[in-house]
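# Tertiary structure, described
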Amino acid sequence: VAYGLAAPTVRVLVGDTAAARIFAAAVAAGGPPRAMANLVQGEILRRLHDAGCGVLQGHHLVAVQALVDTGSINRDAARALLDVLIETGGDPVVLAQTLGLAQVSDEVALRSTVATILDRFPVELAKYRGGNSAMQGFFMGQLMAATGRRADPKLATRLLREALDLTQGPPP
């Protein structure tokens, strides 16, 4: 099977001429076939069916995937960046910075945001302390909302867990 991709993936890619073209261009620009196929099957096919891919080129996909892979942007930011690239083209790295899409990985800033959120929701914190571990998801949602969904998810999860563990106090 072409590029080491599964047959169903190949069928999807060759089933749409525009998708096949952008996939081939992305691979030719140095993108890993599997990662490029995933991007094309998900984000690009949806856009092709909605409004087309405008001025998007293969090297744009490669750059967006590299930004995701390095942790510079998250998947939500990648979607927003693809929308802009389809409309205007441009340099994905520059656009990610200009549009403020860079992932928030500043540990001090995220710790501060976590503390503010825990202070803002004392009732929910009491529920967590009372054993309702599902409240961690609530707090994670608040943290992602407070950062415009740009917080590094792994770092945010770790910091949130640390802060919640600290609020538990000694066992009764």
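These notes cover the structure that comes with them. (Residues numbered from 1 in each chain as written. Predicted model: local features only at pLDDT ≥ 70, side-chain atom pairs only at ≥ 80, totals over all residues. Heavy atoms only, no water.)

## Quick word on the overall build of the chain
Helices and strands together make up the secondary structure of the chain, namely 10 helices and 0 strands. Along the chain, helices (α) and strands (β) appear in the sequence α-α-α-α-α-α-α-α-α-α when read from the amino end. Taking 2.2 N^0.38 as the reference for a compact globule, 172 residues should give roughly 16 Å; the C-alpha atoms of the chain span a radius of gyration of 20 Å, well beyond that estimate. Dimensions of the chain, computed from C-alpha atoms along their principal axes, come out at roughly 65 × 35 × 25 Å. With 172 residues in all, the chain has 40% of them scored as buried. Long-range pairs, those at least 24 residues apart, make up 63% of the contacts in the chain between residues at least 6 apart in sequence. Computing the positive centroid from 16 side-chain charges and the negative centroid from 15, the chain places the two 5 Å apart. (Helix = DSSP H or I, 4+ residues; strand = E, 2+ residues; numbered from the N terminus. Rg over C-alpha atoms; globule rule 2.2 N^0.38 Å. Buried < 20%, exposed > 50% of the residue type's maximum accessible area, 1.4 Å probe, protein only. Contact = heavy atoms within 4.5 Å. Lys, Arg positive; Asp, Glu negative; His and termini not counted. Charge placed at Lys NZ, Arg CZ, Asp CG, Glu CD.)

## Section: the packing of aromatic side chains
Taken as a whole, this structure holds 3 aromatic pairs when the rule is applied. With 5.1 Å between their ring centres and 90° between their planes, Phe121 and Phe138 make a pair best called edge-to-face. Taken together, the positions of Phe121 in the loop between helix H7 (107-120) and helix H8 (122-129) and Phe138 in helix H9 (residues 135-146) put the pair 17 residues apart, joining distant regions of the chain. Consider the rings of Phe138 and Phe139, whose centres lie 5.4 Å apart with planes at 70°: the pair is edge-to-face. (Phe/Tyr/Trp six-rings, centres within 6.5 Å; stacked < 30°, edge-to-face > 60°.)

## Quick notes on unusual backbone geometry
Notably, Arg149 is not glycine yet its phi reads approximately 60°, a positive angle. As for its placement among the helices and strands, Arg149 is situated in the loop between H9 and helix H10 (153-168). Classification of Arg149 by relative accessible area gives partly exposed; the value is 46%.

## Some details on the packing of helix H4 (residues 58-69) against helix H5 (residues 75-88)
Packed helix pairs are characterised by how far apart their axes lie and by the angle those axes make with each other. Axis separation between H4 and H5 bottoms out at 10 Å; the angle between their running directions is 160°. On the basis of the axis angle, H4 is roughly antiparallel to H5. Note that H4 runs across H5; the crossing there is right-handed. Between H4 and H5, the contacting residues are His60, Leu61, Val64, Gln65, Leu67 and Val68 on the first element and Arg75, Ala78, Leu81, Leu82 and Leu85 on the second. Taken together, the residues that form the contact of H4 with H5 break down as 8 nonpolar, 2 polar and 1 charged. (Axes fitted to C-alpha atoms, helices over the stretch in contact; angles between N-to-C directions. Parallel < 35°, antiparallel > 145°, perpendicular 65-115°, else oblique. Left-handed = near helix turned anticlockwise from the far one by under 90°. Nonpolar A, V, L, I, M, F, W, Y, C, P; charged D, E, K, R; others polar.)

## Describing helix H2 (residues 17-28)
Compared with the 16 Å implied by 1.5 Å per residue over 12 residues, the 16 Å span of H2 between its first and last C-alpha is a close match. Within H2, burial applies to Ala19, Ile22, Phe23, Ala26 and Val27. The buried side chains of H2 occupy one side of the element, clustering within an arc of 135° when seen end-on. Turned more than 90 degrees away from the buried face of H2 sit Thr17, Arg21 and Ala28, all of them exposed. Among the residues trailing H2, Gly30 stands out with phi positive, at a value near 105°. (Expected span 1.5 Å × (residues − 1). Arc of directions from axis to C-beta.)

## As for H4
Look at H4: 17 Å from first C-alpha to last across 12 residues, which is about the 16 Å you get at 1.5 Å a residue. Within the sequence span of H4, burial applies to Gly58, His60, Leu61, Val62, Val64, Gln65, Leu67 and Val68. Packing partners of the buried residues in H4 comprise H2, helix H3 (33-50), H5 and helix H6 (92-98). Of the residues one or two after H4, Gly71 is the one with positive phi, at around 80°.

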